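Structural description and commentary
Letter by letter, the chains look like this.
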There are 2 protein chains.
Amino acid sequence: MSSDKKISSAVIRRLPRYYRYLGEIKESGIQRISSNELSNRMKVTASQIRQDLNNFGGFGQQGYGYNVEYLYEEIGKILGIDKTHSMVIVGAGNLGQAIVNSEDFAKRGFIIRGVFDNNKELDGRKIGEHQIMMSDRLPQFIKDENIEILAITVPKDAAREVARVAVEAGIKAIWNFAHTDINVPDNIVVENVHLSESLMRLSYNMANHANQ
Amino acid sequence: MSSDKKISSAVIRRLPRYYRYLGEIKESGIQRISSNELSNRMKVTASQIRQDLNNFGGFGQQGYGYNVEYLYEEIGKILGIDKTHSMVIVGAGNLGQAIVNSEDFAKRGFIIRGVFDNNKELDGRKIGEHQIMMSDRLPQFIKDENIEILAITVPKDAAREVARVAVEAGIKAIWNFAHTDINVPDNIVVENVHLSESLMRLSYNMANHANQ
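Residues numbered from 1 in each chain as written. Chains lettered and ligands numbered in written order. Predicted model: local features only at pLDDT ≥ 70, side-chain atom pairs only at ≥ 80, totals over all residues. Heavy atoms only, no water.

With an unreviewed UniProt entry as reference, chain A is termed Redox-sensing transcriptional repressor Rex, source organism Bacteroides pectinophilus CAG:437. Quoted verbatim from the Sequence similarities (unreviewed entry) heading of the UniProt record, the comment on chain A is "Belongs to the transcriptional regulatory Rex family." Regarding chain A, the relevant UniProt record gives this comment under Function (unreviewed entry): "Modulates transcription in response to changes in cellular NADH/NAD(+) redox state." (UniProt positions renumbered as here; feature names shortened; annotations may be inferred.)

Structural data, given as structure tokens:
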């Protein structure tokens, strides 16, 4: 794919949803689908779908529609999930445990390689198949195991220091659940999940009686 | 505020972040702030800040800057968090527990009134101060207690049925963590937190070496 063209963040935001629908359609045994039918299922206009997918050269053929498996795989490649990614989680509380125990992420190729916490009482305790390690081992682990992604599920006061240490050890991306902004060099990818901000958007939409 | 003007979802998406920064600035004792200084802290351009806040009539005065407390409170009103909201959680797994145990939400006025699950082994068990209730009590509870928000933290196969029941009982908004789209009438607000999609955006940004 040509990287000359800047793809809008709105399109990128929608791509995982295409991927999810196409995965479900594929699993149900459907091999091709028109933009109209995809539109009906996804409740997005067909022209939006065509426009979005055109960003990547488009995969459809007039009168045939989209080849579901091909489109699914191409979007997977665009999203970078055609290969696996190694991830560690720092913060073994409920949220960290929820991530470890979910099967969704491994299914998408995000492989959890270690779980860390700085609470000594948790040292060696198990979450699923993972034995909790103490956070002072994090930098070496990142280096030795070539870890790409750090998920931060510690309280916000601790989050920045965890990020700093991990960046120094060579982490490439941070999935941040702490309710604070993580300031890192530009070459480090940061994806925030700010749950209270999500709840405020919900509240805004309630106050303004509008579904988004 | 006039509701004639349609505020873009990009602006709404940014408002909670303004709210968070202003809250921190307020707590640090600062009473007024220029858009330039806010810009430095938030790493957003000053013109973007002025433009965003102008959507709401603007709160700044030339040469004075913004009154932090006033702006914080006005944005709180816009976000609908100047009043409290009642919420129930269905799904008492790790994710449900993480939400119950977080103090962030109550601080913003989102009051958890009940936690439900359909696993009989959890009946009566406690999460924090909440005794887990069985899901068959959900509809009556929503009606009796005038619950506004339903947080869904059950697996996706169960999510739609939970939503259907809650909508019938009069719920106004759904905070959906299940990795599926919840189809509800237009007057019901839905806010999705799709963690695997967040992770795919991270992966996309890694593949394209661009911080967002």
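Along the chain, histidine 194 of chain A turns up in the loop between strand 10 (189-192) and helix 9 (195-207). In terms of polar contacts, histidine 194 of chain A uses its side chain to reach the backbone carbonyl oxygen of alanine 178 of chain A, at 3.3 Å. Residue contacts for histidine 194 of chain A: discarding those within four places in its chain leaves Asn176, Ala178, His179, Thr180 and Asp181 of chain A together with Arg20 of chain B. (Helix = DSSP H or I, 4+ residues; strand = E, 2+ residues; numbered from the N terminus. Polar contact = N/O pair within 3.5 Å; in protein donor to acceptor, adjacent residues only side chain to side chain. Contact = heavy atoms within 4.5 Å.)

Next up on the list: the UniProt feature "binding site: NAD(+)" (unreviewed entry) in chain A. All names here are of chain A. Residues annotated by UniProt as "binding site: NAD(+)" (unreviewed entry) correspond here to Gly91, Ala92, Gly93, Asn94, Leu95 and Gly96. Its place among the elements puts alanine 92 in the loop between strand 3 (85-90) and helix 5 (94-101). The residues contacting alanine 92, other than those within four sequence positions of it, are Gln97, Val115, Phe116, Asp117, Leu122, Ile127 and Ile132. Counting through the fold element by element, glycine 93 comes out in the loop between strand 3 and helix 5. Glycine 93 sits in the partly exposed class, given a relative accessible area of 35%. (Buried < 20%, exposed > 50% of the residue type's maximum accessible area, 1.4 Å probe, protein only.)

Inspection of the entire model under this criterion finds 24 salt bridges over all chains. Where aspartate 181 of chain B meets arginine 20 of chain A, a salt bridge forms, and the shortest distance between an N and an O atom there is 3.1 Å. Taken together, the residues span two chains, with aspartate 181 of chain B in the loop between strand 9 (173-176) and strand 10 (189-192) and arginine 20 of chain A in helix 1 (residues 9-27). The partner of glutamate 168 of chain A in a salt bridge is arginine 164 of chain A, and the shortest N-O contact between them spans 3.1 Å. With a gap of four residues between them, glutamate 168 of chain A and arginine 164 of chain A both fall in helix 8 (residues 156-168), about one helical turn apart. The network of salt bridges with common partners includes Arg17 and Arg20 of chain A together with Asp181 and Glu197 of chain B. (Salt bridge = Lys/Arg side-chain N within 4 Å of Asp/Glu carboxyl O.)

In this assembly, 63 residues from chain B lie in contact with 63 residues from chain A. Between chain B and chain A, a total of about 5,800 Å² is buried, with carbon and sulfur atoms accounting for 59% of that surface. When the buried surface of chain B facing chain A is broken down by residue, Leu199, Met200 and Tyr204 of chain B rank first, second and third, together holding 12% of it. Our count for the chain B to chain A interface comes out at 10 salt bridges. Residue glutamate 197 of chain B pairs with arginine 20 of chain A through a salt bridge whose shortest N-O separation is 2.8 Å. Across the contact surface, chain B and chain A share 28 residue pairs in polar contact (both at pLDDT 80 or more). Breaking the side of chain B that touches chain A down by element, the ones donating at least two residues are helix 1 (9-27), strand 3 (85-90), helix 5 (94-101), helix 6 (104-107), strand 9, strand 10 and helix 9 (195-207) of chain B. (Buried area = accessible area lost by both parts, 1.4 Å probe.)

Put simply, the second copy of the chain is the first one after a rotation about an axis and a shift along it. When chain B is fitted to chain A, the residual RMSD is 0.0 Å, and the transformation amounts to a turn of 180° plus an axial shift of 0.0 Å. With respect to symmetry, the two chain copies, as superposed, fit the operation of a two-fold axis. Across chain B, the smallest distance between a C-alpha and the rotation axis is recorded for asparagine 94 of chain B, namely 2.5 Å. Same-surface contact between copies: 100% of interface residues of chain B are shared with the interface of chain A. (Least-squares fit on C-alpha atoms with pLDDT ≥ 70 in both.)

With that settled, the discussion passes to the domain arrangement of chain A. Interfaces are frequently sized by the accessible area removed from exposure as the parts join. Segmentation of chain A into domains returns domain 1 (9-78) and domain 2 (85-197). Its C-alpha centre places domain 1 of chain A at a distance of 32 Å from the equivalent point of domain 2 of chain A. (Domains from an automatic or database assignment.)

Take the sheet that holds strand 10 of chain A next. All names here are of chain A. A sheet is described by the order of its strands in space; here six strands give the open sequence 7-4-3-8-9-10, paired in parallel fashion. This sheet does not close on itself; its edge strands, each paired only once, are strand 7 (133-134) and strand 10. Bridging between strand 9 (residues 173-176) and strand 10 involves four bridges; their strand directions are parallel. Its bridge partner lying in strand 10, alanine 173 is registered against valine 189. Relative to the sheet, helix 5 contacts strand 3, strand 4 (110-117) and strand 9, its axis offset from that of strand 3 by approximately 155°. (Pairing = 2+ DSSP bridges. Axes fitted to C-alpha atoms, helices over the stretch in contact; angles between N-to-C directions.)

This part covers the UniProt feature "domain: CoA-binding" (unreviewed entry) in chain A. Under the local residue numbering, the UniProt record ascribes the feature "domain: CoA-binding" (unreviewed entry) to residues 80-181 of chain A. Along residues 80-181 of chain A, the helical share is 32% and the strand share 27%, with 24 Å between the first and last C-alpha atoms.

Before going further, it helps to examine the packing of helix 5 of chain A against helix 5 of chain B. At a minimum axis separation of 8 Å, helix 5 of chain A and helix 5 of chain B run at an interaxial angle of 165°. As far as their axial angle goes, helix 5 of chain B and helix 5 of chain A are roughly antiparallel. Crossing of helix 5 of chain A against helix 5 of chain B: the hand is left-handed. From helix 5 of chain A, Asn94, Leu95, Gln97, Ala98 and Asn101 of chain A reach across to helix 5 of chain B, where they touch Asn94, Leu95, Gln97, Ala98 and Asn101 of chain B. The residue inventory of the contact of helix 5 of chain A with helix 5 of chain B, partitioned by class, reads four nonpolar, six polar and no charged. (Parallel < 35°, antiparallel > 145°, perpendicular 65-115°, else oblique. Left-handed = near helix turned anticlockwise from the far one by under 90°. Nonpolar A, V, L, I, M, F, W, Y, C, P; charged D, E, K, R; others polar.)

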